[in-house]
Amino acid sequence: MIARTLARMNINIELQRVEFIPKTLEEGILYLSERFKVAAHLCPCGCSSKIVTPLGPCEWSITIKKKKPTLYPSIGNWQIPCRSHYWIKKGRIQWSYSWTDEQIQAGRNKEQAKRELFYQKKTDLTKGSLWKRIRNWILS
Ligand SMILES: [Zn+2]
């Protein structure tokens, strides 16, 4: 068990830029489609599940330094049986703790709140600019 955990610590993941995410993915590669704002890779635990991470302000963000990808936030595969949880940092898999059901729920709530706040802000901005336009129109 310890040996397995240690073996799991050192997995490199290479960046490969693609236009379309291929149907069959190779292990150890993070496919990035900037055109479709999505990244995909195989679950590094060995279960070979295809993990797709959409990129955007409410989803994942990717930074690439010296061709080494970093994804933020971490990837929690609670929807597949292995429930792997890890970070992709500087081209490496960094294993994190497994999530309990409560943590998964808390994470989902947090995501939901973040999303609501994001769209709330967007709506406020639109409202603000509309109000400004009306006020400018009245004042002019
Ligand atoms: Zn897995």
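One can find the structure itself at the top, above this paragraph.
Keep in mind the model is a prediction, meaning the values are calculated, not measured.

## Regarding the environment of Trp87
Relative to the helices and strands, Trp87 is located in strand S9 (residues 85–89). Note on Trp87: 16 C-beta atoms within 10 Å, which makes it partly exposed. Measuring from C-alpha to C-alpha, the distance between Trp87 and Pro73 comes to 7.3 Å, with 14 residues separating the pair along the chain.

## Focus on unusual backbone geometry
Here the amide bond leading from Tyr72 into Pro73 is cis, since omega sits at 0°, within 30 degrees of zero. Along the chain, Pro73 turns up in the loop between strand S7 (68–72) and strand S8 (75–76). At Lys66, a residue that is not glycine, the phi angle is positive and equals roughly 50°. Summarising the element assignment, Lys66 is placed in the loop between strand S6 (61–65) and S7. Since 6 C-beta atoms lie within 10 Å of it, Lys66 is described here as exposed. A positive phi angle is found at Lys90, which is not glycine, with a value near 45°. When you line up the elements, Lys90 lands in the loop between S9 and strand S10 (92–95). Among the residues examined, Lys90 registers 15 C-beta atoms within 10 Å and is labelled partly exposed.

## Describing the sheet that holds strand S4 (residues 38–42)
If you trace the four strands from one edge of the open sheet to the other, you get S2-S3-S4-S5, paired in mixed fashion. Since the sheet does not close on itself, it has two edges, and those belong to strand S2 (14–17) and strand S5 (50–54), each with one partner. Across the sheet, the axes of successive neighbouring strands diverge by a mean angle of 25°, strand direction being ignored. Note that S2 and strand S3 (residues 29–33) share four bridges and pair parallel. By the bridge assignment for S3, Leu15 is matched with Leu30.

## Side note on the sheet that holds strand S1 (residues 11–12)
In spatial order, the strands read S1-S10-S9-S8; together these four strands make up an open sheet with antiparallel pairing. The sheet is open, and its two borders are formed by S1 and S8, each paired with just one other strand. Of the pairings in the sheet, the one linking S9 to S10 comprises four bridges and is antiparallel in character. The partner of Trp87 across the bridge, within S10, is Gln94.

## Some details on the nonpolar core
Counting residues in hydrophobic clusters, the biggest one holds 13 residues, and the most contacted among them are Leu30, Tyr31, Ala39 and Ile88. At the level of secondary structure, the elements contributing two or more residues to this core comprise S3, S4 and S9. When residues in this core are grouped by element, the largest group, three residues, is from S3. Beyond its immediate chain neighbours, meaning those up to four positions away, Leu30 contacts Ile13, Glu14, Leu15, Gln16, Ala39, His41, Pro69 and Ile88.

## Here's the deal with the environment of Trp95
On the secondary structure map, Trp95 appears in strand S10. As a C-alpha pair, Trp95 and Ser74 span 21 residues in sequence and 9.4 Å in three-dimensional space.

## Things to note about the environment of Lys67
When you line up the elements, Lys67 lands in the loop between S6 and S7. C-beta crowding within 10 Å serves as the criterion here: with 10 such atoms nearby, Lys67 is assigned to the exposed category. It is 8.1 Å that separates the C-alpha atoms of Lys67 and Gly91, two residues lying 24 residues apart in sequence.

About the criteria used
- Residues numbered from 1 in each chain as written.
- Predicted model: local features only at pLDDT ≥ 70, side-chain atom pairs only at ≥ 80, totals over all residues.
- Helix = DSSP H or I, 4+ residues; strand = E, 2+ residues; numbered from the N terminus.
- Buried ≥ 20, exposed ≤ 12 C-beta atoms within 10 Å, placed from the backbone.
- Pairing = 2+ DSSP bridges.
- Axes fitted to C-alpha atoms, helices over the stretch in contact; angles between N-to-C directions.
- Core = buried A, V, L, I, M, F, W, Y, C linked by C-beta atoms within 7 Å.
- Contact = placed C-beta atoms within 7 Å.

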